[in-house]
Structure formats: C-alpha cells, structure tokens
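Given next are the chains, with one letter for each unit.
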Amino acid sequence: MMTKVILDVDTGIDDALAIIYGIESKKVDLVGITTVNGNVPLHMVNKNTRKVLQLIGRTDIQVYPGADRPLLREPEHEYRVHGTDGIGNALDDVHLEEAEDNMFAPDFIIEQAKKYKGDLTVILVGPVTNLALALRKEPKIAEWIKEVIIMGGLVSEAGKGNKLPNSEFNIFADAESAAIVFHSGLEVTLVSLDVTMKTFMNLEHIEKLKGTKYYDFVLNSTEVFRGFSQKRYKKNGCALHDPLTVGYFIDPSYIKTEKYFVDVETVSPLGYGQTICDFRNIWEKEPNVNICVDVDAERFVNDFIETLKQAK
Ligand code: BDR
Ligand code: CA
C-alpha cells in the first residue's frame, strides 16, 4: 500500500507548481489538501488551491481550510513574489463552484493521522500553523504521523535568507508554530533554502513545456516571481522551493540529509524565524531535524519538467 499524504499549502506560485507536480507524478497518494494563511490571506489561498485543482482536472481532491493567521504574531504576506492574487493572476478566467463545507485543517490532520497510524506523511510548504494547532490538540499525532517534510528555514548559509538576512519566509511567517513542531518528537525533514535555491527553473526549462497542458500556466503565473528573482538574484527564473519538497517525498535520493539539533529563534527582532542548526553539538541535545546538505538539482528540475510535460 502506498503511504497516504496530506499536502499543506499557502498557494502561492511554487505551491501551485508543487500541487501540480505531486498529482501529475502519480506517486503521491493524496488524502486531501490543507490550507494556511501565508503568501496571501487564507481566503485567497483557498481559492487559488481550488483553481489549481480545477486546472489539473482533480476537483475530487478535497481542500480543508486551516489557520487564517499565525499563532501569535500578525500575518505578513508575500505579494512581491506571488503577485496581487498569489498566483500571478494566471487563473483569472477559472470559475469556481461554491466550496464544500469541509472540516478545519488541524482536525483533518488529527483524523487522518489516527486513521492511517504510521502510514501518513504530511508535506508542508507554507507556515506550519496547522500542524502546530493539531499537535496542541492531540499530541499523540507525533507518534501516529510517519514523517513530516517541511519547506522552510536556512541552516548553513548565514545571510542568505529571503525574508530577513537569516530567516526564510515560511518559518518567519510563524516561528512559534515551527518551534512547537521541532520540539514535538515528530520525524521532521527540513527542505531549506540551502537546497531549494539551487533548483532554479529558467525560461529555457519553461519553453520545453510549449504545446503541453501546463505551458500557459507556468509561463504566466511565474512572470512576477521571475521578475522578482531577476531583480534580487539577477536570474530570470524561479527557485522550485515547494516542488522540491514534494520531490523529496517522490524520490528521497534527490537530497542528502543529516540529522542535527535544530531550534528556531522567536524573540530577537533581528533574527526572528532563524533556524539554528547545532552542527557541533554545542547544546548537547538529541538531534531532532533532518537537514538538507546536498541536492541533485539538475536531475530534480529535469524530472519536474518531464512530469509536467507528459501530463494530459
Ligand atoms: C517559501 O515561501 C513562500 O513564499 C514559497 O511559496 C515557499 O514556500 C520559500 O521561502
Ligand atoms: Ca509556499
């Protein structure tokens, strides 16, 4: 039997690409998608996620709305990267039926963890608020969930964050929730900027999709994102943060991981959301997070493009 998966998103351009990649790979047995406030406010995340499912042709996959704000701090959104609607206005023409009245995301996570004990993986590509709320309500999910794969953080390259010099957006967007998750006993893998920034999809890659199902969406939705990268990193393309996180589930051999003790800063305004990895075991704490130390970027980006290309 294939491991069951919940994908938690804050759709978001690369979230949209991650949803498409996961579903079109046919290697992710999704029991549902949960949503969280992040790149854009929750109601927009819900809409974007449902539009993406419509584009794929999988409206049978249910969307479970989750937290509409971080645990403690005020929401901060990321319109600069994802555009005014969160997906570069690429699906303006998609008409949505009224949403079903699905249960609250943290409750869905608890329900599924209990149902598939030991056989459920949760992939989170936004702030981890839903998982933190679920852990607070039912701490036993830390034993029931097989593995948690999170896109977030920065561990080895000081100063190369994307929200603060040392902080990555998803962890910064709700560091208190990240702290709860890191200290929960869950088996956590952190797919951080250290590796995701190496998986860059440029215009040449996108052109390979010409004439196929997702060409228009990938080209149009990424325009703002590519413009932002051009300005900041002098590269016209998108880092495939969220797709790589799904990619690690599909084929763990894309990434080399090592386990260390990792904690998250929640106090300092200069370093809020920084993920600190104790490489030298100075704190003498038990390792709690698998961090990513290397990635086979080319093989992954090629597989990502090929998967989208063959989709009907
Ligand atoms: C992460 O932040 C979001 O803007 C992206 O969707 C991705 O999950 C990258 O730091
Ligand atoms: Ca995201």
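Model, not experiment: these values are computed from the prediction. (Residues numbered from 1 in each chain as written. Chains lettered and ligands numbered in written order. Predicted model: local features only at pLDDT ≥ 70, side-chain atom pairs only at ≥ 80, totals over all residues. Heavy atoms only, no water.)

1. Some points on the packing of aromatic side chains
The criterion, for reference: Here a pair means two rings of Phe, Tyr or Trp (six-membered ring of Trp) with centres within 6.5 Å. Their orientation is stacked below 30 degrees between planes, edge-to-face above 60, and tilted elsewhere. Numbering of helices and strands starts at the N terminus; helices are DSSP runs of H or I of at least 4 residues and strands are runs of E of at least 2. Buried residues are those whose accessible area, probed at 1.4 Å on protein chains only, stays under 20% of the maximum for their type, while exposed residues exceed 50% and partly exposed ones sit between those limits.
Using the criterion set out here, one finds eight aromatic pairs in the structure. Centre to centre, the rings of Phe172 and Tyr272 are 5.5 Å apart; their planes meet at 85°, and the pair counts as edge-to-face. Separated by 100 residues along the polypeptide, Phe172 in helix H7 (residues 169–172) and Tyr272 in the loop between strand S10 (262–264) and strand S11 (275–277) bring together distant segments of the chain. Per residue, the accessibility class of Phe172 equals that of Tyr272, and both read buried. Here the aromatic rings of Phe261 and Trp283 are separated by 5.9 Å at their centres, their planes lie at 85°, and the arrangement is edge-to-face.

2. Quick look at the state of the cysteines
As a reminder, the rule being used: For the purposes of this analysis, a disulfide is any pair of cysteine sulfur atoms at a distance within 2.5 Å.
Using the criterion set out here, one finds zero disulfides in the structure. No disulfide involves Cys277; its sulfur sits 11 Å from that of Cys292, the nearest cysteine. Judged by relative accessible area, which is 11%, Cys277 ranks as buried. Take Cys292: its relative accessible area is 3%, and that puts it in the buried class.

3. Brief notes about the confidence of the model for the chain
Here is the rule: As a per-residue measure, pLDDT tells how confident the predictor is, with possible values from 0 to 100.
Scored by pLDDT, the chain comes out at a mean of 97, with 100% of its residues at no less than 70. For the chain, the element scoring lowest by mean pLDDT is helix H3 (residues 79–82), at 92; strand S4 (residues 120–124) scores highest, at 99.

4. Structural notes on the pattern of salt bridges
Selection criterion: Put simply, a salt bridge is a Lys or Arg side-chain nitrogen that is within 4 Å of an Asp or Glu carboxyl oxygen.
Per the counting criterion, the structure on display carries 16 salt bridges. For the salt bridge of Lys259 with Glu187, the shortest nitrogen-to-oxygen distance reads 3.2 Å. On the criterion of sequence distance, the pair formed by Lys259 in strand S9 (residues 255–260) and Glu187 in the loop between helix H8 (175–182) and strand S6 (188–191) is long-range, its members being 72 residues apart. The class for Lys259 is partly exposed, based on a relative accessible area of 37%. In this structure, Lys210 engages Glu207 in a salt bridge whose closest nitrogen and oxygen atoms are separated by 3.8 Å. We classify Lys210 as exposed; its relative accessible area is 54%. With a relative accessible area of 34%, Glu207 lands in the partly exposed category.

5. Let's talk about the site of ligand 1
Basically, it comes down to this: One heavy atom within 4 Å of a molecule or strand makes the whole residue count as near it. Two N or O atoms form a polar contact when they lie within 3.5 Å of each other; inside protein one atom must be a possible hydrogen donor and the other a possible acceptor, and for residues adjacent in sequence the pair counts only when both atoms belong to side chains. Areas reported as accessible are Shrake-Rupley estimates using a 1.4 Å probe. Residue values count occlusion only from the protein chains shown. Under the grouping applied here, Gly and all other residues not named as nonpolar or charged are polar, the nonpolar ones being Ala, Val, Leu, Ile, Met, Phe, Trp, Tyr, Cys and Pro and the charged ones Asp, Glu, Lys and Arg.
Around ligand 1, the structure places Asp14, Asp15, Asn39, His82, Val125, Met151, Asn162, Glu168, Phe169, Asn170, His241 and Asp242. One of the side-chain nitrogen or oxygen atoms of Asp14 is found 2.5 Å away from an oxygen atom of ligand 1. Contact with the protein chains hides 96% of the accessible area of ligand 1, taken as 280 Å² for the molecule alone. Its residues assigned to classes, the shell around ligand 1 shows three nonpolar, five polar and four charged.

6. Quick look at the coordination of the calcium ion (ligand 2)
To be explicit about the condition: Here a donor is an N, O or S atom found within 2.8 Å of the metal, or within 3.2 Å if the metal is Na, K or Ca; sites may look incomplete because water is not among the atoms.
Binding of the calcium ion (ligand 2) to the protein goes through Asp10 (OD), Asp15 (OD), Asp15 (OD), Val125 (O) and Asp242 (OD), at separations of 2.3 to 2.6 Å. Written as a sequence motif, the donor arrangement for the calcium ion (ligand 2) is D-x4-D-x109-V-x116-D. Pair noted here: Val125 is in the loop between S4 and helix H5 (129–137) and Asp242 is in helix H13 (residues 241–250), with a separation of 117 residues, a long-range link.

7. Some points on the nonpolar core
Among soluble globular proteins, nonpolar side chains are generally buried collectively. The following threshold applies: Remark: nonpolar core denotes a set of buried residues (Ala, Val, Leu, Ile, Met, Phe, Trp, Tyr, Cys) joined through side-chain atoms within 4.5 Å.
One finds Ile19, Met201 and Phe304 to be the most contacted residues of the largest nonpolar core, which totals 57 residues. Among the elements that line this core, the one with the most residues is helix H1 (residues 13–25), at eight residues.

8. Quick look at the environment of Asp10
The cut-off we apply is this: Here, residues are in contact when the closest pair of their heavy atoms is within 4.5 Å.
Its location among the elements puts Asp10 in the loop between strand S1 (4–9) and H1. Spatially, the C-alpha atoms of Asp10 and Gly86 are 9.0 Å apart, while their sequence positions differ by 76 residues. Residues contacting Asp10, with those up to four places away along its chain left out, are Asp15, Val36, Asn37, Gly38, Asn39, Val45, Val125, Gly126, Pro127, Phe169 and Asn170. In terms of polar contacts, Asp10 uses its side chain to reach the backbone amide nitrogen of Asn39, at 2.8 Å.

9. Quick word on the packing of helix H4 (residues 105–115) against H5
Where we set the bar: Lines are fitted to the C-alpha atoms to define the axes, a helix being fitted only along its stretch in contact, and any angle between axes, read from their N-to-C directions, falls within 0 to 180 degrees. By the definition adopted for this analysis, an angle is roughly parallel if under 35 degrees, roughly antiparallel if over 145, roughly perpendicular if from 65 to 115, and oblique otherwise. A crossing counts as left-handed when the near helix is turned anticlockwise from the far one by less than a right angle, and as right-handed when that turn is clockwise.
Here H4 crosses H5 at 60°, and the two axes come no closer than 8 Å. Between H4 and H5, the crossing angle belongs to the class labelled oblique. Judged by the twist between their axes, the crossing of H4 over H5 is right-handed. Together, Ala105, Pro106, Asp107, Ile109 and Ile110 of H4 and Asn130, Leu131, Leu133, Ala134 and Lys137 of H5 make up the contact between the two elements. A per-class count over the contact of H4 with H5 returns seven nonpolar, one polar and two charged.

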